[in-house]
Each structure stands twice: as C-alpha cells, then as structure tokens.
2 protein chains.
Amino acid sequence: MASGLVAQQLVPLGVVSATSDHTSVVSINIFVALLCGCIVIGHLLEENRWMSESITALVIGVCTGFVILVTTKGKSSHIFVFSEDLFFIYLLPPIIFNAGFQVKKKQFFRNFMTIALFGAVGTLISFFIVSLGAIAFFRKMDIGSLDVGDFLAIGAIFSATDSVCTLQVLNQDETPLLYSLVFGESVVNDATSVVLFNAIQNFDLVHIGANDILKFVANFGYLFLCSTFLGAFGGLLSAYMIKKLYMGRHSTDREVALMILMAYLSYMLAELLNLSGILTVFFCGIVMSHYTWHNVTESSRVTTKHAFATLSFISETFLFLYVGMDALDIEKWKFVSDSPGKSIAVSSILLGLVLVGRAAFVFPLSFISNLTKKSPDERIVFKQQVTIWWAGLMRGAVSIALAYNQFARSGHTQLRGNAIMITSTISVVLFSTVVFGLITKPLVRFVLPHNAKHLSSISSEPSTPKSLHSPLLENDEGSEVEVQEVMPRASSLRMLLSKPTHTVHYYWRKFDNAFMRPVFGGRGFVPSFPGSPTDQSLPGQP
Amino acid sequence: MASGLVAQQLVPLGVVSATSDHTSVVSINIFVALLCGCIVIGHLLEENRWMSESITALVIGVCTGFVILVTTKGKSSHIFVFSEDLFFIYLLPPIIFNAGFQVKKKQFFRNFMTIALFGAVGTLISFFIVSLGAIAFFRKMDIGSLDVGDFLAIGAIFSATDSVCTLQVLNQDETPLLYSLVFGESVVNDATSVVLFNAIQNFDLVHIGANDILKFVANFGYLFLCSTFLGAFGGLLSAYMIKKLYMGRHSTDREVALMILMAYLSYMLAELLNLSGILTVFFCGIVMSHYTWHNVTESSRVTTKHAFATLSFISETFLFLYVGMDALDIEKWKFVSDSPGKSIAVSSILLGLVLVGRAAFVFPLSFISNLTKKSPDERIVFKQQVTIWWAGLMRGAVSIALAYNQFARSGHTQLRGNAIMITSTISVVLFSTVVFGLITKPLVRFVLPHNAKHLSSISSEPSTPKSLHSPLLENDEGSEVEVQEVMPRASSLRMLLSKPTHTVHYYWRKFDNAFMRPVFGGRGFVPSFPGSPTDQSLPGQP
C-alpha cells in the first residue's frame, strides 16, 4: 500500500494506479470479478425454472453491497456512484440495439398497430392514473415538500415498462406474441415519455383543450417518425457503404466496427436532436439485420450476431449488479430510518398504482385491438391479456435513473420527501424485479401452456429449438421466411411470395425487392465480387 | 438549442442531453462520426503502400483539431481532454490482449531470449543514453526548471518502444521474425519501465554498487515472473471453467463474455498489484488462444477471433484520432509560441537521442544474440538489424500519456519547462509516427525483399495469405502446426510431434499433452458432450 502510494507520486510508466485513483482500480477489479461470478452462477442456475440472470445479478449486487456496508462499518455500500450518463450513454444502447437486431421482424410488424396503441395510449393512461393516485394518496401523508411537477414525474417514472427487464423474463422463441407486444410497447413508450415531459412543461394541465390534445398527438407523431427515420437511415447508410465499398475484401473487423459505430452514432444523434434514442437504435438494429447483415462476410455475420448479444448480455448483467449494489447506499436510507412505516406505505401505494395503472390500459386496449382483427386466431384472448399485464409490471434501472434525475439533482437528497421517493423507487424496483420477475416465468408456463405452442406455430417459428443447431439460420428464417397459417406445408419461397396473406406485407415485399434490395443489399441481393472472401470453409474440430 | 437547454433542466426521460452535459453528447457524436470516417478512408487507402490506418487517423485528428481551432476562434482545439485513465484502463488492454491472442506463439517463444534481451537490457541502455543526453543538452539551453527526476523521466518516456505503433506498421504474416522481435520487445519493456522507475526512487543513482544491480535484476525477475504467472493463471482459469462447466451448452454469449471479462480482470489485477498489466494481459491472451479458445463452441471461436480484433482495431483508431486531435491544444502551445526555435531544437535533440539510444542497443545485442545461435539461418543479419532498429523508433500514445503524467500534473503546465517538454513530446510523437511510420513499410519491403519470403518459410507460415480463405485455420496452424525446416514436406501431425527440432519445445509439448491439455482442454482435448452444440453447419449464402 505504502509503495503503491509512493508509486502514485512518481511512477508514471504503465501502471494505472500511478495515473488513476487507486480506489477506482479496486472498484473496477471488484466489479469485473462480480460480473464473472454472475455469469458462472447464472450458468449454473440455468436449469432452474424460477431464477433468471437478472435476478441472480440483483441478488449478488445486494449481497455485495451488504458485505461492503459491514466491512466499511456502515460508511458506504457502493463502489460506484450511480451515474445516469453511464446508464444512458453506455449501457442502454447496446441492449436496445441488440433487441432490434435479433427481434423477429415478421412478428413485430404484424402486431405493430397493437404495439403502438399499447406504447402510446397505454403509457398515457397509466401515467395519468399513477400521477393522480400519487397526488391523492401522498398529499395526505406528510412526506415532505413535493410539488405538482414531482407528482407528474412519479407518474412518468412508474408508467414506463422497463425494456431491459422485459427482455430478461420473456423468451422470444417460447412466447413470440407476448414478447413482441410487451417489448415493443416498452420501446415505443420511450418516445411517449419524451413527448409527455415536453408536454408537461408547455401545457397547462388543468385546462386541456382539443387543440392541446391535437398538438400532443402531432408532437408524438413527429417524434416517432423522426426517430424511426433516423434509425432506418443509419442502418441503410451502413448497408449501402458496406455493399458499395465491399469492406470485407480487406478486413472483416472493419465491417463489424462500422456496424457497431453506425448504430451507436444513430443513438447519440437521436439524443443530440432530442429524439427518442431508444426508438432510433431499435429501428437501426432492425434495418441492419435486414440489409447490412446480409452484405458482410460469413465470419462477420457470426461475429456480429454473437458479439452484439454478448455486449448486450454484459450490459444487462452490469446494470442489475449495479442497481443491486446501489440499493443499500446508506445515505439515502438515513432519512427513512426514523419512519420505516411511512416508507413501506409509500412503496406499497406505488406498487398498487403500477398494478392498477397497467390493468387500466391492457384490458381495454386489448379489447379495442381485438375489434379490428377478423380471424379469431389473431385476437388477444383473456389469458394472454393477463400475461401481458403481468409481464410488463417490472420497473428497473430506467426508473431508478429517472428517479435520481428528478429527486437527487443538485444535492436535494437532503430533503425528506426526495429521500423517501428515491428509497421507495429502489424498493419498488427491487420488489417488482425479484417478485414479479420470479413469478412471470412460471406464470407464462402455467397460463399459456398450450398457447405457447399455439403461438409459436402461428408465429412462423418452428417449435424446435433450432437455434442450438444452426445459429446462423435462425435470424434468417425466423424473420423472413414465413410458414403460412393457411397452408402449413408451404415450404418454397416462391409459393410464399406469390400468395401472402397480409397485403401491407405483400406491397412492402414488392417494394423491397424492386427498389431497396438492389441498392442496399440484403438476402440474395449481394453480388459476389471476383476474388471476394467466400469464407464458406468453416471447418469443424480438426 | 434553446429547447435543448430547457429540456436539460426539466426533461428527465430517456434523453441523454437531459441527464448529461450537452457538450459531451456533441463530443461523442463528433468522435464516433470521425471514427466511422477513419474506417471508411482507411479502407479506401488500403491499397496504398505508404499510408497505414494509424497515420490516416492521426492526420484526420490533426485536421479536425485545426477545424475546431478555427471555428472556436482559437479558444480550444480538442473535444475531449486527454485522459490517462481512458488510455490505460480502457484503450490499451484490448489492444495488447488481442496482440497476445493472435500472436504466432511458435515464433514468439523461439525468439524469446532475444526478445527478453532487447526488452530488458535494451530498454535500460536506451534509457541511460536518452537521460544522459537530455541532461547534457538541456542543462545548457535554459528551458526552465527541470530537475534530475524530470531528466530521468524523459529517458523513460523516450526509451520505451510503443507497442501500439509497432502493431500498426509491422505485419505478422509478412515479416514474422521482425514482428515478434520488435513487438515482443515492446511488451517486455513495459515491465522494465516499471522496475526502472521503482529503482530510480529507491537507489542513489550516482553510487551504483554490484548489490544494487543485483537487486535491480531480482526486482525485474520478480515483476516479470509475477506478471506472466498472473496472466497465465487468468487464462488457465477461464479455460478450466469453460471446459468444466461446459458453458456453450446454454449460451455462446456467456463464453465470449467470460473470456473478455477474465482477460480484463487479469489486466486490472496486475495494475492493482503494481505489476506490469501489459505483460499480464499479453500472456493471458496467449494462454487463452492455446487453451480456452479450443474449449468454446465453433461460433464462439469465430466470434472471439473477430470481436477481439475489432475491439482492438477500434481502440487503436480511437487512440490515434485522439492523439491527433489533442496535438493542437492551444494551451500547451502558448508558452512555446514566443520561442519557436527552442521548441524545435528540443524536439530535434530528443529525436536524435531516440535514434542513437535505439541504435546503441539493437546492434550490440543482436551481435550477442547471434553468438548463441548455432545455425546461420537463425542469426539476425545486418539488414534485419537495421529494420529492427528503424521499426522500433516510433513513439506514440504511451509517451504522451507518460509526458502528461510527469509534466502536467497538479497544474504545473504553467511552468515554462514543463510546457516545452509536453509540446516537444507531442512533436516527437507526431513526427516519428508519421515520418518513421510512413517509411517503415517501404523500408521493410526494400531492405528485406527476399528475407521476408525466407523468414516466412522458416517461420512455419505458408507465404500465401490463407487468412483470406480460412480465417479459422489461421490461428491453429500458424501457431501450433509447424512445417519443419528439415523436412519441408512433412504434413502429418504425427510426424511433427515425433521429431521436433527444439528440445525446450519438445519437452513443453510432452508436458502440455500429458498434464495441461487433459485438465485445461485445448486442441483435440475437448470431449464432445452428448447434446452439445456442434454448430458445424454454417451455411453459405442462401
């Protein structure tokens, strides 16, 4: 230690401890070691039907926080201070991008109207219920100074479904409809939230006229279209560049690097332009998997597929570990410790509001959505509605980041009300992630035992876990080759293309084939250059 | 802009600009866009025999810095402040790890004694010459207050070959001997530098006794062995875990994540223990490519191979761009502007000392190394010595980071001497990277036209660029299957194993096969579990 301190003064060569804070090196070491631990334990618990990776990480995080709390004798429980920048700039983009990259596009776009309805109107309904509920309950409770802005913020914080949590408990292969509805909703509601907050600032909420509502709808439309367009543009640009320049000729790594950087650039550009970065990077992922991914070399395809998934996996684990370790931070709990009953009451009320707020839009909107569907196969039956309601209840790191932003800025944690709101948010996040998360998996299996199978058969994915055997095919077939309901034995692409059931999809496909693919590449539309790396001789074990 | 500022105050949802500094979002956008530009331009210039990726990035960085300088009217030229933490904690580890992961192990270990000689003794010789030269020249020049510690630091800063630059100009496939000698040297001299600086603190340099020299040698041995052991341990642990737990059964991503995290953990642990992180992560990469890489699934192999290379590629490009943009920082040049002649003189003297200091050890040590070699084929001929001397002359980001650490800490940049030293370091780095870097590629081709071929034939690599056709095989064969000089037609593994030429390697191979591989896996030693993912059906273009 002493020599380390001296070294910090005088040794500049190659030693991080010389150039950076010694404690930050220690923190990184502990954190990376914990991440490794989470991965190993998560692997060992894989067979367990209750635990999920996220809960493992959360529990390990809380335990570590407790150990640190004890060893530092109650001084500190966290080794990193929760940083919203770290969350929004570095952890969230890879997670959402990968979700877009791996999403089953067919399923997603087929349910697009329902998803948009849930994400836009649903979030609004939930927001109003939670906000009004918070005003009704907390005004009477004497929990410090909270103004109307704070109550509206509470509504926004607790009405947004956490996309990261959703990814953790729902399986795209097992329950594709559920996954695309709940996850899609969580992506769309990011845009809603941005519009909502802008609206709160500009409008007088007490006197809402038709004009204001129109303005709100226009704002949402503008934000939604711009974000989507930016993401699609980023994806198409990468596809065009990689196809035109034929990057893979010289270096596989350059293709992969360009895809990563273009996706990230689209996210950051959206944030710069005050658009919804989540929506942008999600659509960038979709476009990249449809065009760019087919333009790169064979090894780049394997690499991107797994590298993006790995990045996303590390970010998710990191996030839950982080939230877990941050939960026990002693400073926030100081104010609460003198009135534990009040804190528990606040948390319970918030949980209740979340439950009611979500129920208030899932069931009515499902009913509306069902009215538009002709065939009974496409309708959302009651059991499915229950799982949609339940699976979207979790609140996660997004809520914590927003709570910090609203209640902890410029040293206001010292205020009693703010401290209570932050600890309550953490309690709700921990409880909902662990309890709702634990129950979701078994619930889905219990409520939708035959539906899961039924859904997977109508959703164009064969029910065998073929991902184990041919990981490369999965993305292709799952997303583009469709096994029709009308003729379940149809297997040739020609037949599928000649008789599609959905007319929108039919016209899109025609447009795609006639204009988009020749320019941007995509499956079967990449000309093989002379001397191009074929890369098809991937050998087995030698 | 105005709405953006308002948003920063009140909009917390999903918008980075709300949670972070608006300028930092702008900076990230510019930087990522520039990175994309570097990749595309680097691709277009690939055929050019003079330019390398690093020089492209450096030039783009300087140009951007100039543009920013002009647009901000001379106020600022950089969008990020150069941070040693960013460099040592995030950018350097992936570069060095990838170098270890992709290094041709056979070639590296065959020349290990020469590499260690260059890296340990050579760095010392260069250090003394540069330090003494700096004292001799700069004392007379009136360039502000520099004490003995500063002069010794100058010696250390300019005696270390930059491993990142070396990677950029030397090609492992074209000139394997040169690559392994110069790059290996740059890895080993990191350990030397750490020991050197500790020694400077503890010893009285004017009265060096035999005892002190012994102590120094012992210190170096301790540091070298500990760092190597830690790296090997990290690699073996990852191999053992992945083999025992059979990670790939559930998730490919978990394997990849564990490899990345374990490698990073070994680096950070080395830094924590005041060892040489570069040496550690380099050996961790070697061990991982020998054992762990063979224990993972087929897709993980493709993924890790390319993902590590991509990470390293992005880090390198980032680094050179960063150095280029930082070079024009106006603050540093303020003090120098009144005496430009002096700054040029200091830079020229430093460059001269670097040239002399390197010559002073490359030629004598090559002579000593040649004495120990029996066959003339293995000796380093004069032409090769010249290229070794030249190829290691570049000074890069490591030098800049060290110069900042020594001369810019706690606000001392305001001192005239310190400002001159920093600007001189930047000048030397820019000049040596661009000029020496530009000349190295043609020089190697000019000086070693037949040697390049000769070397590649004795170095066990076929001279065809087979990496283009079978990227997966490259790592295997290049590093482990040896085409013997004695019988050039030998192609079966059995023959190779039964008649090795090098006895150390023979015993290592026996030990490896008998004890290491059964425990840690490795090629041909991974049992196939029932139901394991075979992943061999990687399809071509559909």
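I will try to describe carefully the structure that is included in this document. What you see is a predicted model, and the numbers here were worked out from it, not measured in a lab.

**Re the packing of helix 7 (residues 112–141) of chain A against helix 16 (residues 340–372) of chain A**
Residues and elements named next belong to chain A.
- Interaxial distance between helix 7 and helix 16 falls to 8 Å at its minimum, and their mutual angle equals 150 degrees. Taken together, the axes of helix 7 and helix 16 lie roughly antiparallel to each other. Once helix 7 is placed against helix 16, the crossing between them reads as right-handed.
- Residue classes in the contact of helix 7 with helix 16 are distributed as 21 nonpolar, 7 polar and 2 charged.

**Regarding the environment of T503 of chain B**
All names here are of chain B.
- Within the element layout of this structure, T503 appears in helix 23 (residues 503–520).
- Judged by relative accessible area, T503 falls into the exposed class, the value being 53%.
- When the C-alpha positions of T503 and C226 are compared, they lie 25 Å apart, and in sequence the two are 277 residues distant.

**Here's the deal with the packing of aromatic side chains**
- Applying the stated rule across the entire model yields 60 aromatic pairs over all chains.
- Seen in terms of ring centroids, Y179 of chain A and F183 of chain A are 5.7 Å apart; in terms of plane orientation they differ by 20 degrees. Their pairing is stacked. In this pair, Y179 of chain A and F183 of chain A both sit in helix 10 (residues 176–202), 4 residues apart, roughly one turn of the helix. The residues Y179 of chain A and F183 of chain A share a single accessibility class, namely buried.
- With a centroid separation of 6.0 Å and an interplanar angle of 35 degrees, the aromatic rings of F109 of chain B and F112 of chain B are classed as tilted.
- One Lys or Arg, R301 of chain A, reaches over the ring of W293 of chain A and ends 5.8 Å from the middle of that ring.

**What about a nonpolar patch on the surface?**
- A contiguous nonpolar patch, built from F229, F233 and L237 of chain A and spanning about 310 Å² of accessible area, is present on the exposed surface.
- For L237 of chain A, the location among the structural elements is in helix 11 (residues 210–245).

**A short note on helix 18 (residues 397–407) of chain B**
- Counting buried residues in helix 18 of chain B gives 11 out of 11 residues, a clear majority hidden from the surface.
- Among all positions in helix 18 of chain B, only A397, V398, S399, I400, A401, L402, A403, Y404, N405, Q406 and F407 of chain B are buried.

**Remarks on the state of the cysteines**
- Scanning the model with the defined rule gives 0 disulfides over all chains in all.
- Here C284 of chain A is not disulfide-linked; the sulfur of C36 of chain B is the nearest cysteine sulfur, at 11 Å.
- On the basis of relative accessible area, C284 of chain A is assigned to the buried category, the value being 0%.
- Cysteine C226 of chain B is unpaired, with the sulfur of C284 of chain B as its nearest cysteine sulfur at 16 Å.

**Considering the nonpolar core**
- Of all hydrophobic cores here, the largest spans 275 residues; its most connected members are F138 and I154 of chain A together with F138, I154 and F282 of chain B.
- Setting aside anything within four residues of it in sequence, one finds F138 of chain A in contact with I143, F151, I154, V346, I349, L350 and M421 of chain A.

**Notes on the pattern of salt bridges**
Residues and elements named next belong to chain A.
- According to the stated counting rule, one finds 4 salt bridges over all chains in the structure shown.
- The shortest N-O distance in the salt bridge between R358 and E185 comes to 3.0 Å. Of this pair, R358 sits in helix 16 while E185 sits in helix 10, and the two are 173 residues apart along the sequence.
- Residue classification places R358 among the buried residues on the basis of a relative accessible area of 1%.

Cut-offs applied
Residues numbered from 1 in each chain as written. Chains lettered and ligands numbered in written order. Predicted model: local features only at pLDDT ≥ 70, side-chain atom pairs only at ≥ 80, totals over all residues. Heavy atoms only, no water. Axes fitted to C-alpha atoms, helices over the stretch in contact; angles between N-to-C directions. Helix = DSSP H or I, 4+ residues; strand = E, 2+ residues; numbered from the N terminus. Parallel < 35°, antiparallel > 145°, perpendicular 65-115°, else oblique. Left-handed = near helix turned anticlockwise from the far one by under 90°. Nonpolar A, V, L, I, M, F, W, Y, C, P; charged D, E, K, R; others polar. Buried < 20%, exposed > 50% of the residue type's maximum accessible area, 1.4 Å probe, protein only. Phe/Tyr/Trp six-rings, centres within 6.5 Å; stacked < 30°, edge-to-face > 60°. Lys NZ or Arg CZ within 6 Å of the ring centre and 35° of its normal. Patch = residues over 30% accessible without salt bridge, like charges linked within 9 Å, V, L, I, M, F, W, Y side chains within 5 Å. Areas by Shrake-Rupley, 256 points an atom, 1.4 Å probe, with all protein chains shown as cover. Salt bridge = Lys/Arg side-chain N within 4 Å of Asp/Glu carboxyl O. Disulfide = S-S within 2.5 Å. Core = buried A, V, L, I, M, F, W, Y, C linked by side-chain atoms within 4.5 Å. Contact = heavy atoms within 4.5 Å.

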